[in-house]
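These are the residues of each chain, in order.
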Amino acid sequence: MSISLRSRLSTRFLGTDVLVLVCLALFILPLVMAVLLAFQEGPPGMRTGWSLQGVRDGLGGGEALGVLKATALYSLAVTVLSTIGAVYFAWLFARTDAWFRALLPLVMIAIIVTPSLFYAIAFDVLGSPRTGLINEVLRGVLSLDRADGPFHAQSWTGMVLVAAIRSTAFSFVLIAPAMMHVARPLEEAARLAGAGRLRTLFTVLVPVVAPSIIGAAILAVIQTLEAFEIPLILGTPAGNRVLSTQVFALLIGPTGANYPAAAALALPVMGVIALLVVWQRRLLRGKEFVTVSGKSGSMERTSLGRTRPVHSAVILVFVAIGFLLPVAQIVHSAFGDRMGDWTSFTSRHVERMADDDGLREAIVNSWVLAGFGGLAIAVFCVVISWVVYRTSARRSALLSTTVWLATTLPGILLGVAVFVVALTVPGGRGLFGTVWLMLLGLFIAAAPVGVRAADGPVRQISPELYEAARLHGAGPVRAWVSSVLPLLPPGLLAAWFVGAVVISSNVAVPLLLSTPQTTLLSVEAMTRYREGDVGVAASLILVNLVIWVGVGAVVLILSKLAGLRHNDSRAS
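Residues numbered from 1 in each chain as written. Predicted model: local features only at pLDDT ≥ 70, side-chain atom pairs only at ≥ 80, totals over all residues. Heavy atoms only, no water.

Draft legend 1. Quick peek at the overall build of the chain. Per the secondary structure count, the chain includes 26 helices and zero strands. Looking at the chain as a whole, 51% of its 572 residues are labelled buried. Of the contacts formed within the chain by residues at least 6 apart in sequence, a portion of 77% connects residues at least 24 apart. Looking at the chain as shown, the accessible area adds up to about 25,400 Å², and 66% of this sits on carbon and sulfur atoms. (Helix = DSSP H or I, 4+ residues; strand = E, 2+ residues; numbered from the N terminus. Buried < 20%, exposed > 50% of the residue type's maximum accessible area, 1.4 Å probe, protein only. Contact = heavy atoms within 4.5 Å. Areas by Shrake-Rupley, 256 points an atom, 1.4 Å probe, with all protein chains shown as cover.)

Below is the structure:
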C-alpha cells in the first residue's frame, strides 16, 4: 500500500480536518483572546471599544521594562545552569562508570512529577535565614559566627537555583537518551588523538547531540518564562518580580484588576515563546543527528579514573539537594512541632487538615478533576500523536505546532484567556463558577506535555499492522480497533499520568478560575502557606505526593504488564 493511500486512510478515519479545527478552538482561540484583551477598553465582556490605554499601562514606564529585563535574565540564568547540569549528568549516566549513576534517571523523573509549589515551599523553609537547615549546616561547616544566613532562599539567587534544579531534570530526560546512542568509536578516536575526558565531551559528544541540547534549552526558556510558583514564593517577598508575578499583581491590584495592562505586559514574552516553539518544532521535526552504530558501537563506558569519587560525590550531592532534602523538609513541616527543631514531632497539622471540611473538599475536587481530566487528556493526546505520526506532513506540522502554541500563554494569563473565551462564546457564561471552566483551562495547560508523553509509545506502533488489517478486508474502524487499540495502553497510561499530575499540581490556572466550592488542593496549599500556616500547607502537599507515588507505582506496573503482553503476542 502506498504512503499516500496510507495517509488518506489515516486522515479519513481519524477526521484530521475536524481535529485541526478542534485544536484551533482549544489552543489558538484563547491565545487570540489574550492578545485582543490588551487592546480593549475596560474589563472582559464589556463592549466598550478599543484602546491603546492597556498597552500604555502595561508596557509604559520603567517598571514594565525592568520586569521584562528581570524575566529575560531569570530565564537565561536558569537555562544556562540547567543545560550545563543536564549535559554533565547525562554524560555521567550514559557514558561513564561513575558510581550511583543509576540513581539519576529515577531522581530526575521524581523531580519532574513533583510540583513546583512543593519545591518553592520546601526550599523557602530550608533556606530560612535563621532556622533553615541549609543555613544551619553552612554556618557549622564554615564556622560562621552569625545568627542568620549566609543563604537566603527568598532572593534572586535562591529563585534561580531552585528553578534550575527542576529545569535540569526536564533537560536531562531529553538529552540522556541521545547521549546513550552516540557511537563509541567517535569517543575512541578523540581519545587516541590525545583529547581528555572533558574535551571529548565538549568537542565530540556535545556537537553530536546538539539538536537534543538545543531542544532542551528552548524548553527550559519556555518553562522559566511561564514560571509562577517559584518566583511568587521566593522572588516576590524580596522584591524580585518577573512576568508571571507582575501579571498576577496587575490582576489583584488594590484598585481592581487591570486586564488590558496584564495582557499587554505579556505580549512581548508571548511573541518570544511563539518563535521558540516554532523553532523547536522545525529543529526536531523528522531529523536525527545522533550517530548510532552496530557491533562497533557497543556500550563500553569511559573510565573516570582518579576523578571517579569526585563525580560520584556530585551525583549524591544533587540527589540530596534536589530531592531528599526537599522531601525531608516537607515531611518535617507537616509533622514537626517547631520550625528548625528536628527532634520533636506532632500530628496536629495533619489533624487540622483532616478536620477542615473545605480542605477535604479541595482534596476530593483535585483528584476527581485529575482523574477524569487526565483521562480526557490521555485519549486526546494519543489521538493527536497517532494522527501527527501517520498523516500528511502539512497537517502533522499544523497539529503539533497548534498544540504547542498553547505554551505561549503564561499560566496566570491562560486563566484570564479561558475566562474571556467563556464570556465571548455563546452559552459560555453558564460555565462560570463550575468545575468545567477550570477543567478547560487545565486541559489546555496539560495537553502539550501529555502529547509529549504519548508520542514515544505511539511511535513504536508500526503502521504496517493497520495496513495489514485493511488488506485482509477489515474496515477502517475494525482495523484500528483490532490492530492498533490493543497496543495503546502504554501511551494512554503515560499521557494520563502526566496529564493528571499537571492538573493536580497547577496553581496559576485555578487560582483565577476556582471558587470556594470548586477550589483545589494546590490553591489551598498556596493560600495557607502565604497566610503563614506552613504545617497545613505542607500536609496538603505531602498527601498529594504520597498518593502520586502510589499511583505512579501502579501505572509503572500496568505499563510493564502491557509491554509483556505485547511481547507475548508478537512471539506467538
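Anyway, onward from the coordinates.
Draft legend 2. Representation of the environment of Leu304 within the structure. Its place among the elements puts Leu304 in the loop between helix H14 (259–284) and helix H15 (308–335). Taking C-alpha positions, Leu304 is 6.6 Å from Asp97, a pair spaced 207 residues apart along the chain.

Draft legend 3. How the structure looks around the pattern of salt bridges. Across all of its chains, the model carries five salt bridges by this definition. For the salt bridge of Asp533 with Arg352, the shortest nitrogen-to-oxygen distance reads 2.9 Å. With a gap of 181 residues between them, Asp533 in the loop between helix H25 (521–530) and helix H26 (534–571) and Arg352 in helix H16 (residues 348–355) connect regions that are remote in the sequence. Given the relative accessible area of 17%, Asp533 is considered buried. Judged by its relative accessible area of 39%, Arg352 falls in the partly exposed class. Residues Arg528 and Asp356 are paired through a salt bridge, measuring 2.9 Å at the closest nitrogen-oxygen approach. Of this pair, Arg528 sits in helix H25 while Asp356 sits in the loop between H16 and helix H17 (357–390), placing them 172 residues apart in sequence. Taking the relative accessible area as the measure of exposure, Arg528 reaches 17% and is therefore buried. (Salt bridge = Lys/Arg side-chain N within 4 Å of Asp/Glu carboxyl O.)

Draft legend 4. Representation of the side chain of Glu226. Relative to the assigned elements, Glu226 resides in helix H11 (residues 210–226). Lacking a salt bridge, the buried Glu226 has Arg166 as its closest oppositely charged neighbour, with an N-O distance of 11 Å. Excluding anything up to four places from it in sequence, Glu226 contacts Ser244, Ile273, Thr407, Thr408, Leu409, Pro410 and Gly411. (Lys, Arg positive; Asp, Glu negative; His and termini not counted.)

Draft legend 5. Local environment of unusual backbone geometry. Its identity as a non-glycine residue notwithstanding, Phe100 has a phi of 65°, on the positive side. Take Phe100: it is sitting in the loop between helix H4 (61–95) and helix H5 (103–113). A relative accessible area of 40% means that Phe100 is categorised as partly exposed.

Draft legend 6. The side chain of Ser244, seen in detail. Topologically, Ser244 is positioned in helix H13 (residues 243–251). At 2.3 Å, the side chain of Ser244 forms a polar contact with the backbone oxygen of Ala227. When sequence neighbours within four positions are dropped, the list of residues in contact with Ser244 reads Glu226, Ala227, Phe228 and Ile412. (Polar contact = N/O pair within 3.5 Å; in protein donor to acceptor, adjacent residues only side chain to side chain.)

Draft legend 7. Main features of the packing of H4 against H15. Their axes nearest at 11 Å, the elements H4 and H15 cross at an angle of 120°. With respect to each other, H4 and H15 are oriented oblique. Where H4 crosses over H15, the handedness of that crossing is left-handed. Residues Tyr88, Phe89, Trp91 and Leu92 of H4 form the contact with H15, whose participating residues are His311, Val314, Ile315 and Phe318. A breakdown of the residues in the contact of H4 with H15 according to their chemical character gives seven nonpolar, one polar and no charged. (Axes fitted to C-alpha atoms, helices over the stretch in contact; angles between N-to-C directions. Parallel < 35°, antiparallel > 145°, perpendicular 65-115°, else oblique. Left-handed = near helix turned anticlockwise from the far one by under 90°. Nonpolar A, V, L, I, M, F, W, Y, C, P; charged D, E, K, R; others polar.)

Draft legend 8. The packing of aromatic side chains, seen in detail. One pass over the structure, following the stated rule, counts 15 aromatic pairs. Plain terms: the ring middles of Phe118 and Tyr119 are 5.3 Å apart, the flat faces sit at 70° to each other, and that makes the pair edge-to-face. By relative accessible area, which is 0% here, Tyr119 ends up buried. Ring centres of Trp496 and Trp548 lie 6.2 Å apart, and the angle between their planes is 55°; this geometry places the pair in the tilted category. With Trp496 in helix H23 (residues 489–505) and Trp548 in helix H26, this pair connects stretches of sequence that are 52 residues apart. (Phe/Tyr/Trp six-rings, centres within 6.5 Å; stacked < 30°, edge-to-face > 60°.)

Draft legend 9. Just empty space enclosed by the protein, in detail. According to the stated counting rule, one finds three cavities of 30 Å³ or more in the structure shown. Of the volumes computed, that of the largest cavity is approximately 120 Å³. Around the largest cavity sit 13 residues that line it, and Pro115, Ser505, Leu521, Ile541 and Asn544 are the ones nearest its centre. For the lining of the largest cavity, the secondary-structure elements that each account for two or more residues are helix H6 (116–126), H23, H25 and H26. Among the elements that make up the lining of the largest cavity, the one with the highest residue count is H26 (four residues). When its residues are assigned to classes, the lining of the largest cavity shows nine nonpolar, four polar and no charged. (1 Å grid on protein atoms, 1.4 Å probe; cavity = no way out; pocket = protein on both sides within 12 Å on 5 of 7 lines; lining within 4 Å. Points joined across faces, edges and corners; volume = space filled by probe spheres on them.)

Draft legend 10. Highlighting the packing of H6 against H15. Between H6 and H15, the least distance of the axes is 9 Å, while the angle of their chain directions is 80°. Here H6 lies roughly perpendicular to H15, going by the angle between them. Across the interface between the two elements, Phe118, Tyr119, Ile121, Ala122, Phe123, Val125 and Leu126 of H6 pack against Ile321, Gly322, Phe323, Leu325, Pro326, Val327, Gln329, Ile330 and Ser333 of H15. Classifying every residue of the contact of H6 with H15 gives 13 nonpolar, three polar and no charged.

Draft legend 11. Looking closely at the state of the cysteines. Applying the stated criterion to the full structure yields zero disulfides. Here Cys23 stays unpaired: no disulfide links it, and the sulfur of Cys381, its closest cysteine neighbor, is 9.4 Å away. (Disulfide = S-S within 2.5 Å.)

Draft legend 12. Summary view of helix H7 (residues 133–141). Taken together, the buried positions of H7 are occupied by Ile134, Asn135 and Arg139. One side of H7 holds all its buried residues, which, seen down the axis, span an arc of 125°. Across from the buried face of H7, at angles greater than 90 degrees, the exposed residues are Gly140 and Val141. Contact partners of the buried residues in H7: H6. Directly beyond the C-terminal end of H7, a positive phi value near 55° is found at Ser143. (Arc of directions from axis to C-beta.)

Draft legend 13. Inspection of the confidence of the model for the chain at higher detail. Residues of the chain with pLDDT of at least 70 account for 86%, and the chain-wide mean is 81. Confidence drops under pLDDT 50 across residues 1–14; counting only partners more than four residues distant or on other chains, this segment forms 24 contacts. The low-confidence segment residues 286–298 (pLDDT under 50) makes 22 contacts with residues lying over four places distant or belonging to another chain. (pLDDT = per-residue confidence, 0-100.)

Draft legend 14. Geometry of the environment of Ile377. With respect to the element layout, Ile377 can be found in helix H17. Taking relative accessible area as the criterion, Ile377 reaches 0% and is therefore assigned buried. On a C-alpha basis, the gap between Ile377 and Trp496 in space is 6.5 Å, while along the polypeptide they are 119 residues apart. Residues within four places of Ile377 in sequence aside, it is in contact with Phe443, Ala446, Gly450, Ala495, Gly499 and Ile503.

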